[in-house]
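So you can see what is in the structure, the chains are spelled out below.
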Amino acid sequence: MLRFIVRRLLQLVPTMFGLSLLLFVWLHRLPGGPETSILGERATEERRAQIRESLGLDQPLYVQYGRFMRKLIQFDFGDSIQTGRSVTTEFLQRFPATVELTVVGLTIAIGLGIPLGYLAARRRGGFLDSAAVGGSLIGICIPIFFLAYLLKLVFAVQLHWFPSSGRQDELLDATRVTGFFVLDGILTQEWDASWDALMHLILPGIALASVPLAIIVRITRASVLEVLSEDYVRTAEAKGLTEQTVRSRHVLRNALLPVATTVGLAVGGLLSGAVLTETVFAFGGIGSFLKDAIEFRDYPVLMGFIMMIALVYVLVNLAVDVSYSLIDPRVRVR
Amino acid sequence: MTLLDVQDLSVAFVRRGEAAVRAVDGVSFTVDAGQVVGLVGESGCGKSVTSLAIMGLLPRRGVELGGKAVFDGTDLFGLAPRDMRDVRGKDVAMIFQDPLSSLNPVIPIGLQVTEVLKRHRGMKGDAAGREAADLLDRVGIPDPKRRLKEYPHQLSGGMRQRALIAMAVACRPRLLIADEPTTALDVTIQAQILELLKDLVHEFGTALIMITHDLGVVAGMCDTVNVLYSGRIIETAARRPLFAAPLHPYTHGLLGSIPRLDALESEPLTPIRGSVRDALPWASGCAFQPRCDRPVEACVGAPPELDATFTGHEYRCVNPVRHSND
Amino acid sequence: MSKKTDKIDALAALSAQRSETGETLWKAAFKRLRGNPMAITGAIIIAIFLVVAVIGPFLVPYSPTATTWLGEVSESQALFPGPRAENWLGIDHQGRDEFSRMIVGAQQSLLVGVVATLFGLVFGALLGGIAGASAGLGGRIGVWIDSIIMRLMDMMLSIPGLLLAISIAAMIGQSVATVMIAVGTVQIPIFARLLRGSMIAQAQADYVLASTSLGIRKPRIVLSHIVPNSLAPVIVQVTLLLGIAIIEAAGLSYLGLGNADTTFPEWGVMLTDAQRYLSSAPRFAVFPAVAIIITALGFTLLGEALREALDPKLRR
């Protein structure tokens, strides 16, 4: 098992290397450059060249890439042109918010999706089944930012059940420890801060959960239906086991295997969706910062953020693969 | 003493918007305690559906079940699903065809054996584990303690079938149903598994319903044989008379299509024409008529009745095969 | 990552399976489709959408960009004339006829969907085809080309879709073409993997072996068996993508990466613009949102029905 993990991690190195090269060339081909954002359209050519030189953008691309890689080996992505702070700092400051949101979204999707999918399969053809299948089809088709806006309008603006934007009430002046506000509140025992952060997470979490929820419901349903027709479930029934045992030990356990895979893949969609949801709720994650970085041509930020997100995504899927081989003894780790 | 009395069993699969499919159509047979009874026929003749009906394992929706299956005085079809769970695996157990797919792939063998012991014999942790090891040992699995921790894919085909048998006999059932238990196995292993079944049946006094398409298996084990065709029993007899003098042309044909070592070189195999798909609906005559090489006019029109000779050899044919010494 | 690729490969492997009765995959699939209400609903929605998008713009009562009724609109008083005889869906916030904008917007959505899909399909099929053929030819160079292409595709798959689209959109600047290329590019690795996978699965399928052993010549096998059967999963993906493209395009419009000319009607842009009036004139959001949802639903329904029809595991 350990050898499998190590090998997979080693396989990551060339992938990430290739990705960095691809992104680097790609992003530096963007028309315009940070000098335009800094100086505006009407700056003199001289000033532009000065800025480009100070940022090292005048050198050939391979020199720039070499410099980038030298720093990268020390986990240094350079400094943001926009804010002047290190990209790693900017990322670490914002990523916890996105992680928090993603975790809440995923929790909602899994917590609701698996039971719904299971019940739909057990009552195949019934009302609940049709509702779950129909609902999940529609769920995939709703633009996520529209759903986010709708939720915000109804539950925050009109009904005032939840806060409409941000991560936490500024007035609480909560102590920061890890950057995960809910966790911080628990660690410092500032329960009201923790609760407030959680309430801020609910609406964006629901919006974000919509697509993965729809997918999980459908996969769980299909998977349970397939397992129900397996011979070993018949064997379990033939043994006269209680319905409870057959369900939990022989049906659900096996049916959840493909669901685990889906969850790993859904993380990619969640990270994408988080960018959109965060923008709607002015949630201080990576989303809006990334959007600004695009407009500003903030190369180090774009490089660093996209690479780190890709790394997170790849690592999550590695974790899913590993846990998969733990649940399913047939999967010999390759 | 009659242990199981199946009376006029019929199973029809109904789907919305489609004509009902009669898989089993008025099957009656009995199994005495300790007896080995064969249900023989080609695939699609209804033999597996019969066994699943007795076990109460047919899906509840889309199935129309008729008749009775009286086991030791109680009609199994009249039991509530919950009560039937108490019978299954304890008094009546079943072994399936494909041992690999019939075992749960993600649960160790040990748990799959002990869960039966815990359910029906009220055993707890260690005791159940010891008993499970004894059971594996009894069915001929070497090093049972280690095997208990292994998963189905780590066992060979024969071992898997032995493990399934161990689960089935864990509670010393009075009736065991084996549905093509050797079909998925290598020939050498087949014989071992049949020997094991024979031994267990003898040792525990268990009655056995042997479902097979293989007349060789029947010849080696069964006391009584029921031959099914297209959902009905077409011939019932004790083993010896059936093999010596089959009355139904279908049984006759089945026996004739088996290669025999003692046959003369010049004597060709006589296969049965056509396939099971060519069956006639019973309502309009004998289902076997389109493939029969002894058809007469009376074959078509009304379904043939089950007749019996004075020795109790039953057959469903208007023009049975004559044997010179009859 | 391997799980994502596994999933695509599983879809690809479908193409190598044939129905038990020996009918070709296509005939059997079509039969099942006809009896599936999901497929029929999807097909009807798509048909209506196509008719509206293709013919509609020629029949619209007013120009979608003319601010004819600007005088009747007052943003400060939240005064937006609603549906009436001359303007079936009312007037938008700049005094334009909402109905005409919706119809012309349909054409835009169709264009985005089709171009994005074609973009992804053409490049994906090209790369996947080269990889599959190289892998099939074998030899050191063949394997080498195959693995280089596929590694590249894996890299692209390792970036969450929208982020990839964002970085592409950022590269080529704000325009309609941006959205099409960005959405299409995300699909390139999926199509490439799909086609390569089904080509390899096809080449190893029993009936291809059988045809080869019967002495049928290779080009003939490729043309009459491998290509038509490899296409099955690709067609499923194309149908699903047409729906996804419309939703993703809306998302990119929302992030400000869509058409720079916001006067031109496009459902995604209309939905984004409408957000400012969500409380005063919710219908601005409802019309494009419902249009996007229903259209995407149509493609999703047909795509899923196709997948079901082609997947023997889901039959019954």
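Here the residue numbering is sequential within each chain, running from 1 through the sequence in written order. In the order they appear in the text, chains get letters beginning with A and ligands get numbers beginning with 1. pLDDT decides what is reported in this predicted model: residues at 70 or higher carry local features, side-chain atom pairs at 80 or more are listed and counted, and totals for whole chains, interfaces and linings draw on all residues regardless.

1. What to know about the overall build of chain C
Part 1 of the reasoning: Counting from the N terminus, the helices are DSSP H or I runs at least four residues long and the strands are E runs at least two residues long. If you tally the helices and strands in chain C, you get 11 helices and zero strands.
Part 2 of the reasoning: Three exposure classes are used, all based on how many other C-beta atoms lie within 10 Å of a residue's own C-beta (placed from the backbone): buried at 20 or more, exposed at 12 or fewer, and partly exposed between those limits. Counting over 316 residues, chain C shows a buried share of 51%.
Part 3 of the reasoning: We call two residues in contact when their backbone-placed C-beta atoms lie within 7 Å. Across chain C, contacts joining residues at least 24 apart in sequence account for 72% of those joining residues at least 6 apart.

2. Here's the deal with the interface of chain A and chain B
Part 1 of the reasoning: With 20 residues of chain A in contact, the opposing surface of chain B contributes 26 residues.
Part 2 of the reasoning: When residues of the side of chain A that touches chain B are traced back to their parent elements, those giving at least two are α10 (231-238) and α11 (243-281) of chain A.
Part 3 of the reasoning: Here the side of chain A that touches chain B takes six residues from α10 of chain A, the largest share from any one element.
Part 4 of the reasoning: Only Asp, Glu, Lys and Arg are considered charged, only Ala, Val, Leu, Ile, Met, Phe, Trp, Tyr, Cys and Pro nonpolar, and every remaining residue, Gly among them, polar. For the side of chain A that touches chain B, the residue count by class is five nonpolar, six polar and nine charged.

3. Some thoughts on the domain arrangement of chain B
All names here are of chain B.
Part 1 of the reasoning: In this entry, domain limits derive from an automatic or database-based domain assignment. Splitting chain B by domain gives domain 1 (2-222) and domain 2 (238-258 + 269-315).
Part 2 of the reasoning: Centre-to-centre, using C-alpha coordinates, domain 1 lies 28 Å away from domain 2.
Part 3 of the reasoning: The interface of domain 1 with domain 2 comprises seven residues on the first partner and seven residues on the second.
Part 4 of the reasoning: Classifying every residue of the side of domain 1 that touches domain 2 by side-chain character gives four nonpolar, one polar and two charged.

4. Structural notes on the nonpolar core
Side chains of a nonpolar character, in soluble globular proteins, are inclined to be buried together.
Part 1 of the reasoning: Counting residues in hydrophobic clusters, the biggest one holds 273 residues, and the most contacted among them are Ile306 of chain A, Ala166, Leu176 and Met210 of chain B together with Ala165 of chain C.
Part 2 of the reasoning: When residues in this core are grouped by element, the largest group, 18 residues, is from helix α9 (residues 191-228) of chain A.
Part 3 of the reasoning: With residues up to four places along the chain from it excluded, the contact list for Leu176 of chain B reads Ala93, Ile95, Ala168, Val169, Val201, Thr206 and Leu208 of chain B. By convention the nonpolar core is taken to be a set of buried residues drawn from Ala, Val, Leu, Ile, Met, Phe, Trp, Tyr and Cys and joined through C-beta atoms within 7 Å.

5. A word on the pairing of strand β3 (residues 36-40) of chain B
All names here are of chain B.
Part 1 of the reasoning: Across the five residues of β3, five count as buried, placing the element largely inside the fold.
Part 2 of the reasoning: Taking every second residue as pointing to the same face, both faces of β3 are buried, with Val36, Gly38 and Val40 on one and Val37 and Leu39 on the other.
Part 3 of the reasoning: Pairing between two strands is assigned when DSSP locates at least 2 bridges connecting them. Relative to strand β9 (residues 224-229), β3 runs parallel, the two being bridged by four bridges. Pairing of Val37 across the sheet is with Thr224, part of β9.

6. Quick look at the sheet that holds strand β10 (residues 232-238) of chain B
Two modes of strand pairing occur in sheets, parallel and antiparallel, and in both the strands are linked by backbone hydrogen bonds.
Residue and element names in this part refer to chain B.
Part 1 of the reasoning: Spatially, β6-β7-β8-β3-β9-β10-β12-β11 is the arrangement adopted by the eight strands of the open sheet, whose pairing is mixed. If you trace the sheet from one side to the other, it starts and ends with β6 (92-95) and β11 (307-308), each paired once.
Part 2 of the reasoning: Inspection of the sheet shows β9 paired to β10 by six bridges, in the antiparallel sense. Looking at the pairing, Tyr229 lines up with Arg232 of β10.
Part 3 of the reasoning: The strands touched by helix α7 (residues 157-169) are β6 and β7 (175-179); relative to β6, the strand with the most contacts, the crossing angle is about 175°. What counts as an axis is a line fitted to C-alpha atoms, over the stretch in contact for a helix, and the angles between N-to-C directions run from 0 to 180 degrees.

7. Side note on the sheet that holds strand β1 (residues 2-13) of chain B
Residue and element names in this part refer to chain B.
Part 1 of the reasoning: The strand order β2-β1-β4-β5 describes an open sheet built from four strands, whose pairing is antiparallel. Among the strands making up the open sheet, the edge pair consists of β2 (21-32) and β5 (74-75).
Part 2 of the reasoning: Where strand β4 (residues 63-71) lies against β5, two bridges are found, and the strand directions are antiparallel. The residue of β5 that forms the bridge with Phe71 is Thr74.

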